[in-house]
Amino acid sequence: MKRNKSLTATGAVFLAFAMSSCGVVSRNSTGTTVTDVPVTTTVPPSTTVPWADGAEIVAWEKFLEPYEVLDASQVSTGECGSRAMLVTQESLTMYWWDGVEWRDDTALLDGGRGQYPLKVYTFDFTNDGVLDFFVLYAEDEREKSPRYGAYFAYTWAQEEQCKWGWVDVDNGRTTTKTVLSPDINPQTGRVFAPGFTRRRTSVRGEYKFFPSTSSFMYHEPEAK
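Conventions adopted
Residues numbered from 1 in each chain as written. Predicted model: local features only at pLDDT ≥ 70, side-chain atom pairs only at ≥ 80, totals over all residues. Heavy atoms only, no water. Buried < 20%, exposed > 50% of the residue type's maximum accessible area, 1.4 Å probe, protein only. Helix = DSSP H or I, 4+ residues; strand = E, 2+ residues; numbered from the N terminus. Arc of directions from axis to C-beta. Contact = heavy atoms within 4.5 Å. Salt bridge = Lys/Arg side-chain N within 4 Å of Asp/Glu carboxyl O. pLDDT = per-residue confidence, 0-100. Disulfide = S-S within 2.5 Å. Pairing = 2+ DSSP bridges. Polar contact = N/O pair within 3.5 Å; in protein donor to acceptor, adjacent residues only side chain to side chain. Phe/Tyr/Trp six-rings, centres within 6.5 Å; stacked < 30°, edge-to-face > 60°.

Some remarks on helix 2 (residues 55-64)
Turning to step 1, where the next piece is worked out: Buried within helix 2 are the following residues: Glu56, Trp60, Phe63 and Leu64. One side of helix 2 carries all its buried residues, which in axial view fall inside an arc of 90°. Exposed side chains of helix 2 directed beyond 90 degrees from the buried face belong to Val58, Glu61 and Lys62.
Turning to step 2, where the next piece is worked out: Residues of helix 2 that are buried in the fold lie against strand 3 (71-72), strand 4 (76-78), strand 5 (81-88), strand 6 (91-97) and strand 7 (102-104).

Observations regarding the pattern of salt bridges
Turning to step 1, where the next piece is worked out: Overall, the coordinates contain eight salt bridges when judged by the stated rule.
Turning to step 2, where the next piece is worked out: Among the salt bridges present, the one from arginine 204 reaches aspartate 183, with a minimum N-O distance of 2.8 Å. Note that arginine 204 is positioned in strand 17 (residues 203-210) and aspartate 183 in strand 15 (residues 183-184), a separation of 21 residues in sequence.
Turning to step 3, where the next piece is worked out: With a relative accessible area of 36%, arginine 204 lands in the partly exposed category.
Turning to step 4, where the next piece is worked out: In this structure, glutamate 206 engages arginine 190 in a salt bridge whose closest nitrogen and oxygen atoms are separated by 2.7 Å. With glutamate 206 in strand 17 and arginine 190 in the loop between strand 15 and strand 16 (191-195), this residue pair connects regions lying 16 residues apart in the sequence.
Turning to step 5, where the next piece is worked out: Residue glutamate 206 is classed as buried on the basis of its relative accessible area of 12%.
Turning to step 6, where the next piece is worked out: When salt bridges that share partners are traced, they join Asp98, Glu101 and Arg103 into one network.

Regarding the confidence of the model for the protein chain
Turning to step 1, where the next piece is worked out: In this model, the protein chain carries an average pLDDT of 82, and 75% of its residues clear a pLDDT of 70 or more.
Turning to step 2, where the next piece is worked out: Contacts from residues 1-30, a stretch scored under 50 in pLDDT, to residues over four places away or in other chains number 24 contacts.
Turning to step 3, where the next piece is worked out: Segment residues 32-50 is flagged for pLDDT under 50; beyond a separation of four residues in sequence, or across chains, it makes 25 contacts in the model.

A few points about the state of the cysteines
Turning to step 1, where the next piece is worked out: Applying the stated rule across the entire model yields one disulfide.
Turning to step 2, where the next piece is worked out: A sulfur-sulfur distance of 1.8 Å marks the disulfide that ties cysteine 80 to cysteine 162. One disulfide, between cysteine 80 and cysteine 162, carries an S-S torsion of -70° and so falls in the left-handed class. Here cysteine 80, found in the loop between strand 4 and strand 5, pairs with cysteine 162, found in the loop between strand 10 (147-154) and strand 11 (164-166); they are 82 residues apart in sequence, far enough to count as distant.
Turning to step 3, where the next piece is worked out: Residue cysteine 80 is classed as buried on the basis of its relative accessible area, which comes to 18%.

Considering the pairing of strand 10
Turning to step 1, where the next piece is worked out: Among the eight residues that make up strand 10, seven are buried, leaving the element largely enclosed by the rest of the structure.
Turning to step 2, where the next piece is worked out: Relative to strand 10, strand 9 (residues 132-138) runs antiparallel, the two sharing six bridges. Bridge pairing in strand 10 links phenylalanine 133 to phenylalanine 152.
Turning to step 3, where the next piece is worked out: Bridge analysis of strand 10 against strand 14 (residues 179-180) gives two bridges, and the strand direction is antiparallel.

Things to note about the environment of alanine 150
Turning to step 1, where the next piece is worked out: Locating alanine 150 in the fold gives a position in strand 10.
Turning to step 2, where the next piece is worked out: Along the chain, alanine 150 and leucine 180 lie 30 residues apart, while their C-alpha atoms are 9.0 Å from each other.
Turning to step 3, where the next piece is worked out: With residues near it in sequence (within four places) discarded, alanine 150 still touches Arg113, Phe133, Phe134, Val135, Trp166, Lys177 and Thr178.

Here's the deal with the side chain of serine 73
Turning to step 1, where the next piece is worked out: Position of serine 73 relative to the elements: it lies in the loop between strand 3 and strand 4.
Turning to step 2, where the next piece is worked out: Of the polar contacts made by the side chain of serine 73, one reaches the backbone nitrogen of methionine 85; its length is 2.8 Å.
Turning to step 3, where the next piece is worked out: Beyond its immediate chain neighbours, meaning those up to four positions away, serine 73 contacts Trp60, Ala84, Met85, Val120, Thr122 and Phe133.

Here's the deal with the packing of aromatic side chains
Turning to step 1, where the next piece is worked out: Tallying each qualifying case throughout the model produces 18 aromatic pairs.
Turning to step 2, where the next piece is worked out: Seen from their ring centres, tyrosine 151 and phenylalanine 216 are 3.5 Å apart, and the 5° between their planes marks the pair as stacked. With tyrosine 151 in strand 10 and phenylalanine 216 in strand 18 (residues 215-219), this residue pair connects regions lying 65 residues apart in the sequence. Across the pair, phenylalanine 216 and tyrosine 151 agree in class, each one buried.
Turning to step 3, where the next piece is worked out: A ring pair is formed by phenylalanine 152 and tryptophan 166, whose centres lie 4.8 Å apart and whose planes are at 70°; its orientation type is edge-to-face. Placement of the pair is phenylalanine 152 in strand 10 and tryptophan 166 in strand 11, with a sequence separation of 14 residues. Both residues of the pair, phenylalanine 152 and tryptophan 166, count as buried.
Turning to step 4, where the next piece is worked out: The structure contains a cluster of three or more aromatic residues connected by ring pairs, namely Trp60, Phe63, Tyr67, Tyr95, Trp97 and Trp102.

If you want it as structure tokens, here you go:
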């Protein structure tokens, strides 16, 4: 009998230990054992990459170091993520920031607009609060080759939200994807180039973005 009592006592101790490991063991006024199990909050593993403010800009500058850069854009960051462009000899490439590193996204350019990119301007051309890109091209490899440019942005169209692409350009006569012989103000990003109104001959005016048509349209300068 002593052995059985010993086993019973041992079992009680084990049970009390098991209960106390899960919570606080106490007795109420009636002598009944009450176990207060602490409420624990399980934190799921993070599925997002830590993103310090400005990390993509620092990483972009470092990313460019090994390249023979003709020109590089600023980093465009918005609700649709961060992207940037790089111009090297006869090459235009695009990249997106995944939170850790810059990844190639050149397929988004759909072949680009020409073989000889020269420079990329980074401004909010579409007035939506997000930086866009205007790429300046040469028609050929001659030093004084004619120039043209093209806008790359995502438009305000709801069905194409966050879809980057080359934006339409209406020169007053036809709709294309390029602006011929552009002059770009490096401080404001305003683009001036020839276009047509009711006149038969072209006049240099400004190209402005119209959300209603999701395109850049030619505006003849006001008469002085």
